[in-house]
Amino acid sequence: MVIVTGATGHIGNVLVRQLLAKGEDVRVLIHNSEDITPVFGLNIDMVKGNVCDISSLLAAFNGCDIVYHLAGVISIMPGNNKMLYEVNTAGTQNVVDACLKAGIKRLVYTSSIHAVEEPPCGTMINETTGCNPNAIANGYGRSKALATAAVIEGVERGLDAVITYPTGVTGPFDYRISEMGQLILDFLNGNMKIYIDGAYDFVDVRDVARGIILAGEKGVRGESYILSGEQISVHRLLSILHETSGFKMPRLKAPLWLARFAARFTPYYYRLSGKKPRFTSYSIDVLHSNSDISSEKAVKQLGFAARPAEESIADAARWFFENGYVKSIPVPIKAEQL
């Protein structure tokens, strides 16, 4: 029996599907407030629990051999540091402690590339770059770096654990609408009138899930593995969506100085409107950060492989169409594209 925390998330629900396809008996940890739509109807054992409550973790881990820990909070908004720490950092510490107490054979922790200290542009980011919480300015990245440090400290205490670092995840099965999913939906629903350029490394959620399983099977105790895909620009991403859907691309590109100025005020808008954040100072920083990222270690040691970004982004758009997330279709979509 394996157990997955964060099973209703984008990576989590795809990981559950792949584990089931491999014939694994899968248990998932579900918070009382969670919408179970992403895993509804799957042949899984659902147990209630909370990573912030170690007693519930101990009960959930009973009878399991492997823990895939993905539960966490992703935030590109300022002012959420307390919640990020409680769930991402303290919650992961609880998972580590529960694994040690329950005698779990292996923990596979999904961290984030944002937990890795960013070197200057022109320097390739790999597993030797390091994970230094004090060198990371944003709350989300710092909380994941601290969580990663907790897992490494657990290894020193005798835990068999491996760590994966996915980059920007995209692709189908995006039930809860990820940050990348929101950008894609804004385009498809005609809500993107202006864009800012930049670039980042995007990887398909299906490849990440497969990489996590490979880390569990082949990863070396105490080692970490970057699961990256391909660096593409925002303009190219929008072009792929245009080619997939036939929808028009936004014509206006905001200069970086104007985008940074406007981003000072967008958090107030998102809080008042209740809309999912997309355009913040943090998201701008990410698109203009060092995204030269290597997954060579995972390729060589695990057999990890990533499909082209064009395929992943197109599949994400098709999935949103097929599942009713797109409000209208202003131009005809070819049947084979759906």
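Residues numbered from 1 in each chain as written. Predicted model: local features only at pLDDT ≥ 70, side-chain atom pairs only at ≥ 80, totals over all residues. Heavy atoms only, no water.

J.: Lay out the sheet that holds strand 2 (residues 26-30) with the relevant residues and their values.
T.: Strand order in the open sheet made by the seven strands is 3-2-1-4-5-6-10, with parallel pairing throughout. Across the chains shown, the open sheet's two edge strands, defined by having one partner strand only, are strand 3 (45-48) and strand 10 (224-227). Geometrically, the sheet is characterised by an average inter-axis angle of 20° between neighbouring strands, direction not taken into account. Pairing geometry for strand 6 (residues 161-166) and strand 10, over four bridges, is parallel. Bridging across to strand 10, Tyr165 finds its partner in Ile226. Across the sheet, helix 2 (residues 54-61) lies against strand 1 (2-5), strand 2, strand 3 and strand 4 (66-69), angled at about 165° from strand 2, the strand it touches most. (Pairing = 2+ DSSP bridges. Helix = DSSP H or I, 4+ residues; strand = E, 2+ residues; numbered from the N terminus. Axes fitted to C-alpha atoms, helices over the stretch in contact; angles between N-to-C directions. Contact = heavy atoms within 4.5 Å.)

J.: Residues and numbers for the pattern of salt bridges, please.
T.: Going through the model one piece at a time under the given rule, you end up with 18 salt bridges. With a closest N to O distance of 2.8 Å, Arg206 and Asp315 form a salt bridge. A residue pair is termed long-range when its members are at least 10 positions apart, and Arg206 in helix 6 (residues 205-218) and Asp315 in helix 12 (residues 309-322) qualify at 109 residues. Each member of the pair, Arg206 as well as Asp315, carries the same accessibility label: buried. (Salt bridge = Lys/Arg side-chain N within 4 Å of Asp/Glu carboxyl O. Buried < 20%, exposed > 50% of the residue type's maximum accessible area, 1.4 Å probe, protein only.)

J.: Break down the packing of aromatic side chains for me, with residues and values.
T.: Across all of its chains, the model carries seven aromatic pairs by this definition. Between Phe173 and Trp319 the ring centres are 6.4 Å apart and the planes differ by 45°, which places this aromatic pair in the tilted class. Remark: Trp319 occurs in helix 12 and Phe173 occurs in the loop between strand 7 (168-170) and helix 5 (179-188); sequence separation between them is 146 residues. Taking relative accessible area as the criterion, Phe173 reaches 26% and is therefore assigned partly exposed. Aromatic side chains Tyr175 and Trp319 sit 5.0 Å apart centroid to centroid with 80° between the ring planes, which places their arrangement in the edge-to-face category. Here Tyr175 is found in the loop between strand 7 and helix 5, whereas its partner Trp319 is found in helix 12, with 144 residues between them in sequence. When its relative accessible area of 6% is taken as the criterion, Trp319 is described as buried. Here the aromatic residues Phe173, Tyr175, Trp319, Phe320 and Tyr325 are joined through ring pairs into a cluster of three or more. The side chain of Lys297 reaches across the aromatic face of Tyr225, ending 4.9 Å from its centre. (Phe/Tyr/Trp six-rings, centres within 6.5 Å; stacked < 30°, edge-to-face > 60°. Lys NZ or Arg CZ within 6 Å of the ring centre and 35° of its normal.)

J.: Before we move on, could you go through the environment of Arg157 and cite the residues and values that matter?
T.: Looking at the secondary structure, you find Arg157 in the loop between helix 4 (139-156) and strand 6. Between the C-alpha atoms of Arg157 and Asn50, which are 107 residues apart in sequence, the distance is 23 Å. What Arg157 contacts, discounting residues up to four positions off in sequence, is Gln93, Val96, Asp97 and Leu100.

J.: With reference to specific residues and values, describe the sheet that holds strand 7.
T.: Read from one edge of the open sheet, three strands run 7-9-11, paired in mixed fashion. Two strands lie at the open edges of the sheet, namely strand 7 and strand 11 (230-233), each paired on one side alone. Neighbour-to-neighbour, the strand axes of this sheet turn through a mean angle of 50°, independent of strand direction. Here strand 9 (residues 199-204) runs beside strand 11; their pairing, made up of four bridges, is antiparallel. The residue bridging Phe202 from the neighbouring strand is Glu230, located in strand 11.

J.: Any chance you could break down the environment of Phe261 for me, citing the residues and the numbers?
T.: Mapped onto the secondary structure, Phe261 falls in helix 8 (residues 256-262). Taking the relative accessible area as the measure of exposure, Phe261 reaches 42% and is therefore partly exposed. Placed 217 residues apart in sequence, Phe261 and Ile44 show a C-alpha to C-alpha distance of 47 Å.

J.: Let's hear about the layout of surface pockets: which residues, and what values?
T.: Volume-wise, the second largest pocket comes out at about 300 Å³. If you tally residues by element for the lining of the second largest pocket, the top one is helix 10 (residues 281-287), at three residues. Of the residues that constitute the lining of the second largest pocket, the class distribution is nine nonpolar, four polar and three charged. (1 Å grid on protein atoms, 1.4 Å probe; cavity = no way out; pocket = protein on both sides within 12 Å on 5 of 7 lines; lining within 4 Å. Points joined across faces, edges and corners; volume = space filled by probe spheres on them. Nonpolar A, V, L, I, M, F, W, Y, C, P; charged D, E, K, R; others polar.)

J.: An account of unusual backbone geometry is requested, with residue identities and associated values reported.
T.: At Phe173, a residue that is not glycine, the phi angle is positive and equals roughly 65°. The phi dihedral of Ile177 is positive, around 60°, even though this residue is not glycine. Turning to its location among the elements, Ile177 is positioned in the loop between strand 7 and helix 5.

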